[in-house]
Amino acid sequence: MKRVIFVTMACLFLHGPAWADADLSTLLKGVRETYGGLKGLSIQYRREVITRTMSMLGKKASGDIAFGQMVFRPPHFLRLDQESPNRETLITDGTSLWWYVPDKQKAYRYDAKEFGRELKLLSDIFRGLARVEDNFQVILHDMEGQTDHRIELIPDPPWQQVDRIQLTVTPDHHIAEVRIYNLMGGVTVFELRELEEKKTFPKGFFSLKLPDGVELIDERPHQ
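These figures come from a predicted structure and were not determined experimentally.

Conventions and cut-offs
Residue positions are counted from 1 within each chain, in the order its sequence is given. Restriction of local features to residues with pLDDT of at least 70 applies here, the model being predicted, together with a cutoff of 80 or more for giving and counting side-chain atom pairs; totals for whole chains, interfaces and linings are based on all residues. Side-chain metrics rest on all non-hydrogen atoms present in the structure, leaving aside hydrogens and water. Helix and strand assignments follow DSSP, with helices taken as H or I runs no shorter than four residues and strands as E runs no shorter than two, numbered in order from the N terminus. For every residue, the accessible area obtained with a 1.4 Å probe (protein chains only) is divided by the maximum for its type, and the residue is called buried under 20%, exposed over 50%, and partly exposed between those limits. Surface accessibility in these figures is a Shrake-Rupley result with a 1.4 Å probe; residues are shielded only by whichever protein chains are displayed. By this definition, two strands are paired if DSSP reports at least two bridges between them. Here, two residues are considered to be in contact whenever any of their heavy atoms come within 4.5 Å of each other. Under this scheme, a helix contributes an axis fitted over its contacting stretch, all axes are lines through C-alpha atoms, and angles between N-to-C directions fall in the 0 to 180 degree range. Whether two aromatic rings pair depends on their centres lying within 6.5 Å, for rings of Phe, Tyr and Trp, where Trp uses its six-membered ring; planes under 30 degrees apart make the pair stacked, over 60 edge-to-face, and the rest tilted. In the analysis that follows, any N or O atom pair within 3.5 Å is treated as a polar contact, provided that within protein one partner can donate a hydrogen and the other can accept it, and provided that, for residues neighboring in sequence, both atoms belong to side chains. By salt bridge we mean one thing: a side-chain nitrogen of Lys or Arg within 4 Å of a carboxyl oxygen of Asp or Glu. We call a set of buried residues a nonpolar core when its members are Ala, Val, Leu, Ile, Met, Phe, Trp, Tyr or Cys and they connect through side-chain atoms within 4.5 Å of each other.

(A) Spatial organisation of the overall build of the protein. Looking only at helices and strands, the protein has 4 helices and 12 strands in total. Considering the protein as a whole, with its 223 residues, one finds that 45% of them fall into the buried category. Accessible area of the protein: about 12100 Å², with a carbon and sulfur share of 49%.

(B) Structural context of the pairing of strand 8 (residues 149-155). The element strand 8 is extensively covered by neighbouring structure, given that 5 of its 7 residues are classed as buried. For strand 7 (residues 136-141) and strand 8, the ladder comprises 6 bridges, and the chain directions are antiparallel. Looking at strand 8, one finds that isoleucine 139 is bridged to glutamate 152. Relative to strand 9 (residues 162-169), strand 8 runs antiparallel, the two sharing 5 bridges. Note that in strand 9 the partner of histidine 149 across the bridge is valine 169. Between strand 8 and strand 9, which pair antiparallel and follow one another directly, the connecting turn spans 6 residues.

(C) Highlighting the environment of threonine 95. Along the chain, the position of threonine 95 falls in the loop between strand 4 (88-92) and strand 5 (96-101). Counting along the chain gives 18 residues from threonine 95 to lysine 113, while the straight-line C-alpha distance between them is 7.2 Å. Setting aside its immediate chain neighbours within four residues, threonine 95 contacts Tyr110, Asp111 and Ala112.

(D) Structural view of the sheet that holds strand 3 (residues 77-84). Spatially, 12 strands are ordered 7-8-9-10-11-1-2-3-4-5-6-12 in an open sheet, and the strand pairing comes out mixed. The outermost strands of the open sheet, each flanked by one partner alone, are strand 7 and strand 12 (215-218). Each adjacent strand pair in this sheet contributes to an overall mean axis angle of 20 degrees, direction not counted. Seen against the sheet, helix 4 (residues 116-126) touches strand 1 (41-50), strand 2 (64-73), strand 3, strand 4, strand 5, strand 7, strand 8, strand 9, strand 10 (175-182) and strand 11 (187-197) and runs at an angle of roughly 70 degrees to strand 2.

(E) Looking closely at helix 4. Summarising burial for helix 4: 8 of the 11 residues are buried, a large majority. If you check which residues of helix 4 are buried, you get Glu118, Leu119, Leu121, Leu122, Ser123, Asp124, Ile125 and Phe126. Looking at the residues trailing helix 4, positive phi occurs at glycine 128, about 80 degrees.

(F) Molecular detail of the packing of aromatic side chains. As enumerated under the stated definition, the model contains 9 aromatic pairs in all. Pairing phenylalanine 72 with phenylalanine 126 gives two aromatic rings, centres 5.6 Å apart and planes at 40 degrees, and the pair type is tilted. With a gap of 54 residues between them, phenylalanine 72 in strand 2 and phenylalanine 126 in helix 4 connect regions that are remote in the sequence. For phenylalanine 72, a relative accessible area of 3% corresponds to the buried category.

(G) Region of the structure containing the side chain of glutamine 82. Checked against the element boundaries, glutamine 82 lands in strand 3. For glutamine 82, a relative accessible area of 6% corresponds to the buried category. At 2.8 Å, the side chain of glutamine 82 forms a polar contact with the backbone oxygen of asparagine 86.

(H) Quick look at the pattern of salt bridges. Summed over the entire model, instances satisfying the criterion amount to 12 salt bridges. Note that glutamate 48 is salt-bridged to arginine 46, the shortest N-O span being 3.3 Å. In this pair, the class of glutamate 48 matches that of arginine 46, namely buried. When the shortest N-O distance is used, the salt bridge between glutamate 177 and arginine 179 registers 2.8 Å. One network of salt bridges, in which partners are shared, links Arg46, Glu48, Glu191 and Arg193.

(I) Region of the structure containing the environment of lysine 29. With respect to the helices and strands, the residue lysine 29 is situated in helix 2 (residues 21-35). In the structure, lysine 29 is positioned 101 residues away from alanine 130 in sequence and 9.7 Å away in space, judged by C-alpha atoms.

(J) Main features of the nonpolar core. Residues Phe126, Ile151, Leu153, Ile165 and Val178 are the most contacted members of the largest nonpolar core, which totals 43 residues. Counting residues in hydrophobic clusters, the runner-up holds 7 residues, among them Trp98, Phe201, Phe205 and Phe206.

Structural data, given as structure tokens:
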């Protein structure tokens, strides 16, 4: 179940030459200046989950595709509303994490600490890769013939399920794509679109109020 949630949220071996440290520092500085001062943000996303077999087939195969919206408020408030193919909502306030599946009339509640690394990664990304060097080996690769930049994050120390994360950064320092590679050879791809700064949020936006008739399943330890 934890893996399913992270894929819903929910984060590559590149053979091009790594860029110089000075270029990486300049790029990270630009990303932090773009995102670091935002009080909050909203992003439309397209998510695709590709298995190892699909990856070997290349463009001939398409994975599980979904669309929705992510809303983030520093340091750890996140809401993900999946709109298609099925409606789902995932919310965390940094203490609890809720996963609501309307079609099944069920909601699950977890201790956010169970997803500490994953949530911190998303928080680091949406705060402009803040302190990302503390937990990852960071490598910048040249994308031949393209103006975008590609950053590879290798967890240090290693993670149990995630092998590496690839970020695509535009020339104006916006994060356009996040690729999360697992140890089984699959990848979850988030294409991020239409970034909008949000300065205020409705009361209770990052908590879950369930409609009548929805079963709440508490997965927190000792509950």
